[in-house]
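A structural walkthrough
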Amino acid sequence: MVELGNTTIKRIGLLTSGGDAPGMNGAIRAVTRSANYHGLEVVGISHGYRGMINKAFKTLESKDVSNILQQGGTILKSARCMEFKTIEGRKKAYDNLIEAKIDALVVIGGDGTFTGAGLFAKEHNFPVVGIPGTIDNDLYGTDFTIGYDTALNTIVDCVDKIKDTATAHERLFFIEVMGRDAGFLALNGGIAAGSEAVLIPEIPTSYADLKSYLANGYRKSKNSSIVLVAEGEKEGGAFNWAKRVEKDFPDYDVRVTILGHIQRGGTPSASDRILASRLGAGAIEALMDDQKSIMIGIENGEIVHVPFTKAIKNQKGVKQQQLDLVKILSN
Ligand code: ADP
């Protein structure tokens, strides 16, 4: 047992919020079982912040989280809650927590969830710890977020399949993947699946550059070409790029595939299960150690604590070097 300072926390509220991500269930299990191990109670709150406002509380015991480690989605359900964006909504949520004798909160979600958590913690001086659960991997201060590895593997699997048909018909495919503000899925999906180019929000690619990559790739292999496009890419997405290219290269057989919600579902990868397990246990240890308003992250294999204010600043960034790698390897 880890010797930690705080003894005042007894009942911890736990919720998942925002976009679901495979591996969230592993984090729910880890939070519940670690808390139980340390003699603390966990109350599951369903449908994210909406459940705090509606008093959707239910005590979670060890048996309630058995057999969920391998399931995608979240047994606690997720939701988006506009009321929590108001001071009044957060006050109502606070009153409900106090009434239910919940004295700390663990939230699993992305940057929106942590923005709300930070405000709530500050307004009510309430201990809140966050666990990064988002397929986008866009939180600063953690190398990986729960769900990213699984989503990336889903993308690679899909691109491999599309590549078979692309090659059979010598086609050029624009494949759009998730990532409203972050291009990590597109970038690393592109590297892992061997795409010609990736188009991401962080570092725009000019149309002239794209044309030269495509012309180069096609000239050399005359085989197939894949371009991965992040949905938040600034030039209007996969269909837009495809239209332009079709006009300029009438001899190319251009197709578009939007991968969509398939990227969120499925069995979490081993890496995501391990990450979820470590971060879940880390969240309980942090609360017992009097930490508040922090996200539990992982950096270079070690658990770290990152203030919410830092985690949500969207500073992770993509390095030009990584984009260059796509270009070099598709040469
Ligand atoms: P994610 O956590 O995946 O980024 P959202 O952006 O949808 O997902 O945020 C999830 C929830 O967090 C929202 O439905 C809302 O209840 C809360 N939230 C988001 N932004 C804010 C904000 N600026 N102030 C208060 N609560 C917020």
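Procedures and definitions
Residues numbered from 1 in each chain as written. Predicted model: local features only at pLDDT ≥ 70, side-chain atom pairs only at ≥ 80, totals over all residues. Heavy atoms only, no water. Helix = DSSP H or I, 4+ residues; strand = E, 2+ residues; numbered from the N terminus. Pairing = 2+ DSSP bridges. Axes fitted to C-alpha atoms, helices over the stretch in contact; angles between N-to-C directions. Contact = heavy atoms within 4.5 Å. Near = heavy atom within 4 Å. Polar contact = N/O pair within 3.5 Å; in protein donor to acceptor, adjacent residues only side chain to side chain. Nonpolar A, V, L, I, M, F, W, Y, C, P; charged D, E, K, R; others polar. Buried < 20%, exposed > 50% of the residue type's maximum accessible area, 1.4 Å probe, protein only. Right-handed = clockwise from strand over helix to strand, strands pointing away. Domains from an automatic or database assignment. Salt bridge = Lys/Arg side-chain N within 4 Å of Asp/Glu carboxyl O. Parallel < 35°, antiparallel > 145°, perpendicular 65-115°, else oblique. Left-handed = near helix turned anticlockwise from the far one by under 90°.

A word on the environment of A168. Mapped onto the elements of the fold, A168 is located in helix α5 (residues 148-169). Put simply, A168 and L228 are 60 residues apart on the chain and 19 Å apart in space, counted from C-alpha to C-alpha.

What follows concerns the sheet that holds strand β8 (residues 225-230). One open sheet holds the 4 strands; their spatial order is β7-β8-β6-β9, and the pairing between them is parallel. A single partner strand is all that each edge strand has here, and the edge strands are β7 (197-199) and β9 (253-258). Within this sheet the neighbouring strands show an average axis-to-axis angle of 20°, counted without direction. Where strand β6 (residues 171-177) lies against β9, 6 bridges are found, and the strand directions are parallel. Opposite E176, over in β9, you have I258 as the bridge partner. Relative to the sheet, helix α8 (residues 237-248) contacts β6, β7, β8 and β9, its axis offset from that of β9 by approximately 180°.

By nearness alone, 16 residues border the ligand, and R80, C81, D111, G112 and T113 come closest of all. One nitrogen or oxygen atom from the side chain of R80 is found 2.4 Å from an oxygen atom belonging to the ligand. Within the side chain of D111, one N or O atom sits 2.9 Å away from an oxygen atom of the ligand. For the shell around the ligand, the element with the most residues is helix α4 (residues 111-124), which contributes 6 residues. Classifying every residue of the shell around the ligand gives 4 nonpolar, 8 polar and 4 charged.

Across the 5 residues that make up strand β5 (residues 128-132), a large majority, 5, are buried. Of the two faces of β5, both are covered, the one formed by V128, G130 and P132 as well as the one formed by V129 and I131. Between the parallel elements strand β4 (residues 104-109) and β5, the chain passes through α4 in a crossover that is right-handed. When β5 meets strand β10 (residues 294-299), the two strands line up parallel, connected through 2 bridges. Within the sheet, the bridge partner assigned to G130 lies in β10 and is M295.

Below, the discussion takes up unusual backbone geometry. Positioned with a positive phi, K77 is a non-glycine residue whose angle comes to about 65°. By the element assignment, K77 lies in the loop between β3 (57-60) and α3 (87-99). Relative accessible area serves as the criterion here: at 46%, K77 is assigned to the partly exposed category. Positive phi outside glycine occurs at D290, with the angle close to 70°. Relative to the assigned elements, D290 resides in the loop between α9 (270-288) and β10.

Take the domain arrangement of the protein next. For the protein, the assigned domains read domain 1 (2-147 + 268-313) and domain 2 (149-264). Using only C-alpha atoms to locate each centre, domain 1 and domain 2 end up separated by 35 Å. The interface formed by domain 1 and domain 2 contains 0 salt bridges. Of the residues contributing to the side of domain 1 that touches domain 2, the split by class is 3 nonpolar, 5 polar and 5 charged.

The next subject is the packing of helix α1 (residues 24-37) against α9. Axis angle and axis distance: for two packed helices, these are the angle between their axes and the distance between the axes, and together they describe the pair. Where α1 contacts α9, the two axes come as close as 7 Å, and the packing angle between them is 40°. The orientation of α1 relative to α9 falls into the category oblique. Judged by the sense of rotation from one axis to the other, the crossing of α1 with α9 is right-handed. Contacts from G26, A27, A30, V31, S34 and A35 in α1 reach A276, S277, G280, A281 and I284 in α9.

In this section: the sheet that holds β10. Strands sit in the order β3-β2-β1-β4-β5-β10-β11 across an open sheet of 7 strands; the sheet is mixed. Among the strands making up the open sheet, the edge pair consists of β3 and β11 (302-307). Adjacent strand axes in the sheet meet at a mean angle of 30°, parallel and antiparallel pairs treated alike. Note: β10 against β11, 6 bridges, orientation antiparallel. From the neighbouring strand, I294 faces β11, where its bridge partner is P307. The sheet contacts of α9 involve β1 (11-16), β4, β5, β10 and β11, and relative to β10 the element is tilted by about 135°.

This paragraph deals with the pattern of salt bridges. One pass over the full model with this rule turns up 13 salt bridges. In this structure, E41 and R11 form a salt bridge, with 2.6 Å as the shortest nitrogen-oxygen distance. You can see E41 sitting in strand β2 (residues 41-45) and its partner R11 sitting in strand β1, a full 30 residues away along the chain. Looking at E41, the relative accessible area reads 36%, which means it is partly exposed. Of the charged contacts, one joins R255 and D253 as a salt bridge, the two residues approaching to 3.2 Å between their closest N and O atoms. By relative accessible area, which is 25% here, D253 ends up partly exposed. Each of K58, E61, K63 and D64 takes part in a single network of salt bridges with overlapping partners.

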